[in-house]
Amino acid sequence: MTDDPYLWNRSDPIDPDVERLERTLAPLRYRARSLDLSRALARSRAPLRPLAVAALVALAAGTTWLIFRGEPTGFGVETLAGVSMIDDTPIRHGSRLEVGSWLQTGEGAAVVVRIADLGVVTVHANSRLGLLESRAGAVQRLGLHHGRIEALITAPPRLFFVNTPSAVAVDLGCAYVLAVDEAGAGMLEVTLGWVALERDGRAVTVPQGATCRLYAGRGPGAPWFTDAAPALQTAVDRLEKPADADHALDVVLAEARPRDALTLWHLLARVTDTRRLDLIGRLVELVGLPPGVTVDGVMDLDASMLAAWWADIELDW
Amino acid sequence: MVHGMLLTRVPVQEADDLVQDVFLHALSKLGRLRDPEAFGPWLAAIARSFSVRYHRRHRRSADLPDDVAVHGSLETHDACEAHRVLAAIRALPDTYRATLVLRLVEGLTGPQIAACTGLTPGSVRVNLHRGMGLLRARLQCPQDES
């Protein structure tokens, strides 16, 4: 019954109906053209930042200071400005950050750390960064005790981690800026791709163009897009204060755009049942409820329904 | 493959731009792909989502049917016929629509369709056979009596 060799893979004998349809439909076939980046970015809501694109091009070109395939242990370190130390030794040409060592940048200093063949991390002034784990072709883990780093990682997801006192930043293929103070409070801003922040089994996913605050002793808050209304951004921070949380959520709900479903979705598991219904109602108004997802299921925090709603709303980013 | 998946729902004149949108989206989300071997089906799923999303957003507006675009420009008889056949494919059940577009419009073979979309070769074969049967009926093409 299914013996149609020409229909299957153009084997003889030719089916004249199929051949006629192929000729008829040929004008509609896709003809590859160069990517019109300016037009495509104008249509896109999350354009790639020119600097990030240039950085990726540089990486692809294989500039030698970015490729360290076969490096036996540790990471190469290069001073950009000022004076920095690895443990008690000033950084010089050829210095390396080995597992168990800590890099400390001084006032006005900056250092580049080359993460094997996965990318680069720029360490800014007054920062303390350690290499916790490094296995060839496997997990690379840094520890940011305090300070500010910029990471540009081209590895497959979940190979590069940065531990902070409040959460672990999990690279999902990205570029980001991460800053923490000595208590563990800080901020993550993602400029390309995605980063997950994880603590005690809870994960926050932060896409490019979004920011997430880290709270000492508690972990990540809900993320927000940097182009969200200032009132919403302030209110997301106030959600962490119990006395303010109720009114803060009212502000978040009032100020949210469809794009801010990012923030609202992350709040679903963090609020009381009563307020969750408000969140669901607002999300439905903004982005709709996809097939297979029900209000009752989301109220119960059904994992598969939450995942399906996430998959639906992230298409708009 | 992406263009074919989009053609199952979106107007022909929108498909090219949406192809670029799909790839830009995939590029920005590439870090989420955990299994490189699944790239084809993953990309197909994104294209399918874009086409559904487009259709959902535009179904309440006065959709510009392809044949109106045809009449509004200097289209030939061949282009009219192409649009008529595409409309017939789009009227088929969803199961058969994408497979037929990929085979008849984009020129992929059955094995290639299976590799791109993640469907089993057996499913693709059945979809092609049944879909072609329904399409013949719609277009009133003569049956192959063998």
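Above: the structure in question.
Residues numbered from 1 in each chain as written. Chains lettered and ligands numbered in written order. Predicted model: local features only at pLDDT ≥ 70, side-chain atom pairs only at ≥ 80, totals over all residues. Heavy atoms only, no water.

1. Some points on the overall build of chain B
Within chain B, the regular secondary structure consists of 8 helices and 0 strands. Overall, chain B shows an N-to-C arrangement of helices and strands of α-α-α-α-α-α-α-α. Evaluated residue by residue, chain B yields a buried proportion of 49% over its 146 residues. The contacts of chain B with a sequence gap of at least 6 include a subset with a gap of at least 24, amounting to 64%. Here chain B displays about 7200 Å² of accessible surface, and carbon together with sulfur accounts for 54% of that area. (Helix = DSSP H or I, 4+ residues; strand = E, 2+ residues; numbered from the N terminus. Buried < 20%, exposed > 50% of the residue type's maximum accessible area, 1.4 Å probe, protein only. Contact = heavy atoms within 4.5 Å. Areas by Shrake-Rupley, 256 points an atom, 1.4 Å probe, with all protein chains shown as cover.)

2. Re the overall build of chain A
The number of helices and strands found in chain A is 10 helices and 16 strands. For chain A, the proportion of its 317 residues judged to be buried stands at 49%. Summing over all exposed atoms, chain A offers an accessible surface of approximately 14400 Å²; the carbon and sulfur share of this is 55%.

3. With respect to the nonpolar core
Ranked by internal contacts, the top residues of the largest apolar core, which has 78 residues, are V113 and Y176 of chain A. Those residues in contact with V113 of chain A, other than ones at most four positions away along the chain, are F75, G76, V77, L103, G119, V120, V121, V123 and L129 of chain A. In this structure, L7, A26, A47 and Y54 of chain B belong to the second largest nonpolar core, which totals 46 residues. (Core = buried A, V, L, I, M, F, W, Y, C linked by side-chain atoms within 4.5 Å.)

4. Description of the pairing of strand β11 (residues 168-180) of chain A
Remember that side chains alternate between the two faces of the sheet whenever the strand is regular. Residue and element names in this part refer to chain A. With 10 of 13 residues buried, β11 is to be regarded as a mostly interior element. The pairing of strand β9 (residues 140-153) with β11 spans 6 bridges and is antiparallel. Within the sheet, the bridge partner assigned to I149 lies in β11 and is L178. With 3 bridges connecting them, strand β10 (residues 160-163) and β11 associate as antiparallel partners. When the bridges of β11 are listed, N163 appears paired with V168. Connecting β10 to the antiparallel partner β11 that follows it, the hairpin turn spans 4 residues. What sits between β11 and strand β12 (residues 186-199) in their antiparallel hairpin is a turn of 5 residues, with G184 showing a positive phi close to 100°. (Pairing = 2+ DSSP bridges.)

5. Side note on the environment of L268 of chain A
All names here are of chain A. Inspection of the secondary structure assignment puts L268 in the loop between α7 (261-267) and α8 (273-287). What makes L268 buried here is its relative accessible area of 1%. Taking the C-alpha atoms as reference points, L268 and L301, separated by 33 residues in sequence, lie 7.8 Å from one another. Ignoring anything within four residues of it in the chain, the contact list for L268 reads R276, L279, I280, L283, V298, L301 and L306.

6. Brief notes about helix α10 (residues 303-313) of chain A
Residues and elements named next belong to chain A. If you check which residues of α10 are buried, you get M305, L306, W309, W310, D312 and I313. Considered in projection along α10, the buried side chains sweep an arc of 160° and stay on one side of the axis. Facing away from the buried side of α10, by more than 90 degrees, are the exposed residues A303 and S304. (Arc of directions from axis to C-beta.)

7. Quick word on the environment of I14 of chain A
Residues and elements named next belong to chain A. As for its placement among the helices and strands, I14 is situated in the loop between α1 (5-9) and α2 (16-25). In this structure I14 comes out as partly exposed when scored by relative accessible area, which is 45%. Each C-alpha atom, one on I14 and one on D4, is 9.3 Å from the other, the two residues being 10 residues apart in sequence. The contact partners of I14, leaving out residues within four places of it in the chain, are Y6 and E19.

8. Details of helix α5 (residues 230-238) of chain A
Residue and element names in this part refer to chain A. Here α5 has its buried residues at L232, A235 and V236. Around the axis of α5, the buried residues are gathered within 105° of arc, so they sit on the same side. Each element contacted by the buried residues of α5 is listed here: β14 (210-215), β16 (224-225), α6 (242-255) and α7.

9. A look at the pairing of β9 of chain A
Residue and element names in this part refer to chain A. In terms of burial, β9 is largely enclosed, as 11 of its 14 residues are buried. Examined bridge by bridge, strand β7 (residues 119-123) and β9 share 5 bridges and lie antiparallel to one another. For V123, the partnering residue across the bridge sits in β9 and is I149. Two strands pair when backbone bridges link them, and strand β8 (residues 128-134) and β9 are joined in this way by 6 bridges, in the antiparallel orientation. Bridging from a neighbouring strand, L129 pairs with L144 of β9. Bridge analysis of β9 against β10 gives 4 bridges, and the strand direction is parallel. Looking across to β10, one finds that L142 is bridged to V162.

10. Here we look at the packing of helix α6 (residues 94-105) of chain B against helix α8 (residues 121-139) of chain B
Residues and elements named next belong to chain B. Close contact between α6 and α8 brings their axes to 9 Å; oriented N to C, the two are set at 90°. The angle between α6 and α8 falls in the class roughly perpendicular. Between α6 and α8, the residues in contact are T95, Y96, T99, L100, R103 and L104 and V124, N127, L128, R130, G131, M132, L134 and L135, respectively. Each residue belonging to the contact of α6 with α8 can be placed in one class, and the counts come to 8 nonpolar, 4 polar and 2 charged. (Axes fitted to C-alpha atoms, helices over the stretch in contact; angles between N-to-C directions. Parallel < 35°, antiparallel > 145°, perpendicular 65-115°, else oblique. Nonpolar A, V, L, I, M, F, W, Y, C, P; charged D, E, K, R; others polar.)

11. Regarding a nonpolar patch on the surface
A grouping of L277, V284, L289 and V295 of chain A is seen on the molecular surface, where their side chains present a nonpolar patch of about 270 Å² in accessible area. Mapped onto the elements, L289 of chain A comes out in the loop between α8 and α9 (295-299). (Patch = residues over 30% accessible without salt bridge, like charges linked within 9 Å, V, L, I, M, F, W, Y side chains within 5 Å. Salt bridge = Lys/Arg side-chain N within 4 Å of Asp/Glu carboxyl O.)

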